[in-house]
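Here is what each chain is made of, one letter per residue.
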Amino acid sequence: MTGRGVERALGLLAALGLLIGLYAGFLYAPPDGVQGEVQRIMYLHVPLILVSYLAFFIVFVASILYLWRRRDRADAIAHSSAEIGVLFTALAIAAGSIWGRPTWGTWWTWDARLTTTTILLLIFIGYLMLRALVDDHSRGAVFSAVLAIIGFLDIPIIHMSVVWWRTLHQPPSILRPGPSTVAPEMQVALYTNLAAWLFLYGYFLAKRLRLEEARWELNRLRMENLG
Amino acid sequence: MSFSRRVWAIARKDLLAEWRDRESVTAMFYFAFLVLFLFSFALGADQALIRGASSGLLWLAFTFTSVLGLSRSVQGELENDCLDGLLLYPAQREAIYLGKLVGNFSSILVVELVILPIFAVLYNMDLWAQLPKLMVIAVPGTLGLAAAGTLLSTMTAGLRAREAMLPFLLFPVTIPLLLAAVRGTEVVLHGEPFELAVPWLKLMAAFDIVVLVVSLMTFEYLVEE
Amino acid sequence: MVSAGRGGAPVLPAIEVRRLVKWYGGQPALRGIDLAVAPEEILALFGSNGAGKTTLLRILAGRVRPTGGTVQVAGHMLDRDGNEVRRALGVLAHGHQLYEALTARENLAYAAAMLGLDRPSERVAQALSRVGLESAADSGVRTFSSGMKRRLALAKLMLREPKVILLDEPFASLDLQATKVLEEFLMASKAAGACTILATHNLTMGYGVADRVAILRQGRLVFDGRREETSLDAFRALFALHGEREEGG
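In this report, we go over the structure that sits alongside the text. This one's a predicted model, so the numbers in the text were calculated from it and none came from an experiment. (Residues numbered from 1 in each chain as written. Chains lettered and ligands numbered in written order. Predicted model: local features only at pLDDT ≥ 70, side-chain atom pairs only at ≥ 80, totals over all residues. Heavy atoms only, no water.)

1. Side note on the overall build of chain B
Spelled out, the test is: Each helix is a run of DSSP H or I of at least 4 residues and each strand a run of E of at least 2, with the numbering of both proceeding from the N terminus. Should any heavy atoms of two residues lie within 4.5 Å, those residues are considered in contact. Per-residue and other accessible areas were derived by the Shrake-Rupley procedure at a 1.4 Å probe size, with only the shown protein chains allowed to occlude residues.
Along the backbone of chain B there are eight helices and zero strands. Counting from the amino terminus, chain B carries its helices and strands in the arrangement α-α-α-α-α-α-α-α. Along the longest, intermediate and shortest principal axes, the C-alpha atoms of chain B span 55 × 35 × 30 Å. For chain B, long-range pairs separated by at least 24 residues make up 79% of all intrachain contacts whose partners lie at least 6 apart in sequence. For chain B, the exposed surface amounts to about 9000 Å²; the carbon and sulfur share of it is 69%.

2. Focus on the overall build of chain A
Convention followed: Exposed residues in this analysis have more than 50% of their type's maximum accessible area, buried residues have under 20%, and partly exposed residues fall in between, with area computed by a 1.4 Å probe over protein chains only. We treat Lys and Arg as the positive residues and Asp and Glu as the negative residues; His and chain ends play no part in the count. Here the site of a charge means NZ on Lys, CZ on Arg, CG on Asp, or CD on Glu.
Scanning chain A for helices and strands turns up six helices and zero strands. Taken over the C-alpha atoms alone, chain A extends approximately 70 × 45 × 25 Å along its principal axes. Taken across its 227 residues, chain A has 46% of its residues classed as buried. Here the analysis covers contacts within chain A between residues at least 6 apart in sequence; of these, 79% occur between residues at least 24 apart. Each charge class in chain A can be summarised by its mean position, and for the 19 positive and 15 negative side chains these summaries are 1 Å apart.

3. A look at the interface of chain B and chain A
Condition: Once two parts are put together, the accessible area they lose, assessed with a 1.4 Å probe and summed over both, is termed the buried area. Salt bridge criterion: a side-chain nitrogen from Lys or Arg within 4 Å of a carboxyl oxygen from Asp or Glu. Under the rule applied, a polar contact is a pair of N or O atoms within 3.5 Å (in protein, one hydrogen donor and one hydrogen acceptor; residues adjacent in sequence only if both atoms are side-chain atoms).
Counting from both sides, the interface comprises 30 residues of chain B and, opposite them, 30 residues of chain A. Both faces considered, chain B and chain A share a buried interface measuring about 2900 Å² in area, 81% of it formed by carbon and sulfur atoms. In this assembly, chain B and chain A are joined by two salt bridges. For the pair chain B and chain A, the interface holds two residue pairs in polar contact (both at pLDDT 80 or more). Within the residue set of the side of chain B that touches chain A, elements represented by two or more residues are helix H6 (131-156), helix H7 (162-189) and helix H8 (198-223) of chain B. In terms of residues, the side of chain B that touches chain A owes the most to one element, H8 of chain B, which gives twelve residues.

4. Some remarks on the sheet that holds strand E7 (residues 76-77) of chain C
All names here are of chain C. Quick note on the threshold: What makes two strands pair is DSSP finding at least two bridges between them. Axis definition: a line fit to C-alpha positions, over the contact stretch in the case of helices; interaxial angles, taken between N-to-C directions, run 0 to 180 degrees.
Strand order in the open sheet formed by four strands is E4-E3-E6-E7, with antiparallel pairing between adjacent strands. Of all strands in the sheet, those bounded by a partner on one side alone are strand E4 (27-37) and E7. Docked against the sheet, helix H1 (residues 53-60) engages strand E3 (15-24), E4 and strand E6 (68-73), running at close to 120 degrees with respect to E3.

5. Examining the pairing of E4 of chain C
Where E3 of chain C meets E4 of chain C, eight bridges bridge the pair, whose relative direction is antiparallel. Opposite Val 17 of chain C, over in E4 of chain C, you have Leu 35 of chain C as the bridge partner.

6. Observations regarding the interface of chain C and chain B
Accessible area lost when the parts come together is the quantity often used to give the size of an interface. Applicable threshold: Gly falls in the polar group here, along with every residue not listed as nonpolar (Ala, Val, Leu, Ile, Met, Phe, Trp, Tyr, Cys, Pro) or charged (Asp, Glu, Lys, Arg).
Taken together, the 34 residues of chain C in the interface contact 27 residues of chain B. Here chain C packs against chain B, burying approximately 2900 Å² in sum over the two surfaces, 51% of which is carbon and sulfur. Inspection of the chain C/chain B interface yields five salt bridges. Among the ionic pairs, Arg 65 of chain C bridges to Glu 224 of chain B, the shortest N-O distance being 3.1 Å. Among the elements that take part in the side of chain C that touches chain B, helix H3 (residues 104-115) of chain C stands out by supplying seven residues, more than any other. By residue class, the composition of the side of chain C that touches chain B is 17 nonpolar, seven polar and ten charged.

7. As for a nonpolar patch on the surface
Residues and elements named next belong to chain A. To be explicit about the condition: Surface patches are defined over residues having more than 30% relative accessible area and no salt bridge, joining like charges when they lie within 9 Å and nonpolar side chains (Val, Leu, Ile, Met, Phe, Trp, Tyr) when within 5 Å.
Taken together, Leu 22, Tyr 23, Phe 26, Leu 27, Tyr 28 and Val 188 make up a surface patch of nonpolar side chains, about 660 Å² in accessible area. The element that contributes the greatest number of residues to the nonpolar patch is helix H1 (residues 3-28), accounting for five residues. On the secondary structure map, Tyr 23 appears in helix H1.

8. Looking at the pattern of salt bridges
All chains considered together, the criterion is met by 36 salt bridges over all chains. Notably, a salt bridge pairs Arg 210 of chain A with Glu 7 of chain A, separated by 2.5 Å at the nearest N-O pair. You can see Arg 210 of chain A sitting in helix H6 (residues 184-226) and its partner Glu 7 of chain A sitting in helix H1, a full 203 residues away along the chain. Arg 210 of chain A sits in the partly exposed class, given a relative accessible area of 27%. Its salt-bridge partner being Glu 228 of chain C, residue Arg 226 of chain C comes within 3.3 Å of it at the nearest N-O pair. Through salt bridges that share partners, Glu 41, Arg 212, Asp 224, Arg 226 and Glu 228 of chain C make up one connected network.

9. Details of the environment of Phe 171 of chain B
Residues and elements named next belong to chain B. Considering the arrangement of structural elements, one finds Phe 171 in helix H7. Taking the C-alpha atoms as reference, Phe 171 lies 11 Å from Ser 66; in sequence the two are 105 residues apart. In contact with Phe 171, not counting residues within four places along its chain, are Thr 63, Phe 64 and Val 67.

10. Remarks on the nonpolar core
The criterion, for reference: Residues enter a nonpolar core if they are buried and are Ala, Val, Leu, Ile, Met, Phe, Trp, Tyr or Cys, with the set joined through side-chain atoms within 4.5 Å.
Core analysis: the largest hydrophobic core is formed by 159 residues, its most contacted members being Phe 124 and Leu 130 of chain A, Phe 119 and Met 155 of chain B together with Leu 152 and Leu 154 of chain C. In terms of residue count, helix H5 (residues 137-169) of chain A provides more of this core than any other element does, 14 residues in total. Listed in part, the 31 residues of the second largest apolar core include Ile 15, Leu 89, Ala 93 and Val 164 of chain C.

11. Remarks on the environment of Leu 167 of chain C
Residue and element names in this part refer to chain C. For Leu 167, the location among the structural elements is in strand E9 (residues 164-168). Exposure remark for Leu 167: the relative accessible area of 0% places this residue in the buried category. Taking the C-alpha atoms as reference points, Leu 167 and Val 91, separated by 76 residues in sequence, lie 5.9 Å from one another. Every residue in contact with Leu 167, bar those within four places of it in the chain, is listed here: Leu 57, Leu 92, Leu 157, Leu 186, Thr 196, Ile 197, Leu 198 and Ala 199.

12. Some words on unusual backbone geometry
All names here are of chain C. Phi at Ala 74 is positive, roughly 50 degrees, even though this residue is not glycine. Relative to the helices and strands, Ala 74 is located in the loop between E6 and E7. The phi angle at Gln 218 is positive, at roughly 50 degrees, despite the residue not being glycine.

13. Things to note about the packing of aromatic side chains
The following threshold applies: Pairing of aromatic side chains requires ring centres within 6.5 Å, counting the rings of Phe and Tyr and the six-membered ring of Trp. Pairs whose planes differ by under 30 degrees are stacked, by over 60 edge-to-face, and all others tilted. Each ring is checked for a lysine NZ or an arginine CZ that lies within 6 Å of its centre and within 35 degrees of its normal; such an atom marks a charge sitting over the ring.
Within the structure shown, the criterion is met by 21 aromatic pairs over all chains. Where Phe 56 of chain A meets Phe 124 of chain A, the ring centres are 4.2 Å apart and the plane angle is 15 degrees; that geometry is what we call stacked. One end of the pair, Phe 56 of chain A, is in helix H2 (residues 42-69); the other, Phe 124 of chain A, is in helix H4 (residues 112-133), with 68 residues separating them in the sequence. The pair formed by Phe 56 of chain A and Phe 124 of chain A is uniform in burial state, with each residue classed as buried. Measuring from centroid to centroid gives 5.6 Å for Phe 29 of chain B and Tyr 30 of chain B, while their planes differ by 55 degrees, and the two rings are tilted. A residue is classified by how much of its surface remains accessible, and Tyr 30 of chain B, at 49% relative accessible area, is partly exposed. Feature note: the residues Phe 29, Tyr 30, Phe 33, Phe 37 and Phe 41 of chain B constitute an aromatic cluster, connected by ring pairs. The ring of Trp 68 of chain A carries the charged tip of Arg 69 of chain A above its face, separated from the ring centre by 4.3 Å. Stacked on the ring of Tyr 207 of chain C, the Lys or Arg Arg 227 of chain C has its end atom at 5.7 Å from the ring centre.

Keep in mind that these numbers describe shape and distance, not what the molecule does.
This is how it looks when you write it as structure tokens:
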């Protein structure tokens, strides 16, 4: 299967999945017993967060591969995955915030998981900024690879520190963002949306990689002609 | 043998150059002092509030001041192409990282030691008896800041937005260190049993180890062009 | 490329560059350089700003990674044995690479420690007297004139006893004494078997010390010949032909 073919397939699956997911989330699944309709945002929030974590994990692995083998493809994957991860995380936090307002009465809270996710977002925004600011491309790639490795390995440490800190200063939140009951229809809605957003991630990644490949081809042609 | 000789040569050179001018540590000291002073001022007369916030403010001051010191340390190498000169020696890149680390760590620690009595005065704390325990907390905390800071300041050295980028990258990464240091300091200052600080010390140790290992493994890639 | 040494036996080049290419983003800086420099050879490389002289020197020094091609310095492949290359190398760059807050002696002592030299204080004292800075040894470098700074940078170079010497615009900001010291150093190193590449705008001075002269233009070597086969006037004409402007006198 060609690159374009994979990309098209993923795009189709994503579109399909999102449509089905939309239906499942809004109509198929029952409203939550405690939270009511607002709980439906979770079918957006949870998949976004999970796919983000996957995206950042891939940035981590690709960064290690890049430093080890210096394959441009690994770097392109890292960069693309970070972009998608930052986007999805920001959306997830926004969705969570929208959920939080009617549920907790507040747009923001220093809940441990939310805090850790925000710090994660900050680290990878830093990753993207670093890449944008370094003029020499391969240098920027090396710098951000190192940042990604440290950032990712830091996540469990950050999470532990934030959890310990919170248990000291405030009682743990009673309501956590997540499905509070696991009715089978709700599970279906959750998994369909998860699959849909995974496909969407794959689609974006494939498309972005194709863009990078085109850029490499352009450089190669330039070098042949002018060199 | 020559590895450690080089590490000490670099650290010694940094500290010697610093001692000649004392520009950097003076700036660092004034900055930390200002932070503490302004906050003490801003929090007003509410003694309970000040006591509660004091450890946090102390470490905030230390963190900001570290950024200042780290930037200036790299700046010193960028002048006159000294960094290029440094990299032309047949020295293992890890020795260069460690040398810079020791230099940075020492400057920051010195500033912290000078700031502590000022802190004691401004915030009405009795520190003298607690000093050894405070050092047990401060050393791994400062080490983590210096380790991550040396790595990141090397990256941000040549950038256009250098002044903004270093704190932007350093702060999120070192948050766990900060939380641990603040809580550990609190334990000591409030006279709580020291065992409460131990898990936080372990956290700092974990952070320090991760940062040191990753830095040592990747530093050579950072400095080649 | 192999040249004949003194006994007529083939001598391996101290610097060997093959098909060297360097691209910065979308811009070519070096477009395929083939160059070999033998030990005891002094190559003067001329070219205007942007021609690629500094890039070439920085690649040879291991500070910049080439986009393509191979580089061998002092018998070691650059991408494999970085530290071995550095041990053999001596570089005099644009910036003097001196710490202004320290004294001359301290700067050299630091260099000696980083080079892992035995009897460092002895070597430092020797280098200081070779460049005529013994009296200023314990003054801060900040108080030095630019000529004195150049001499100190040269002293640092001498500590290394390099087999391969790279000089980028060495005649810039030199006073009379410093120029003399530099020329003496170049001749002494040559006698000791070192090879030298010096990149400069200064036609007269560069030509004066060289065994070989070359012109770099827009990333390509457009001329490379032995000095004794090219008179200064002929070279001047060539230089002008390639659109270069000379400096100095």
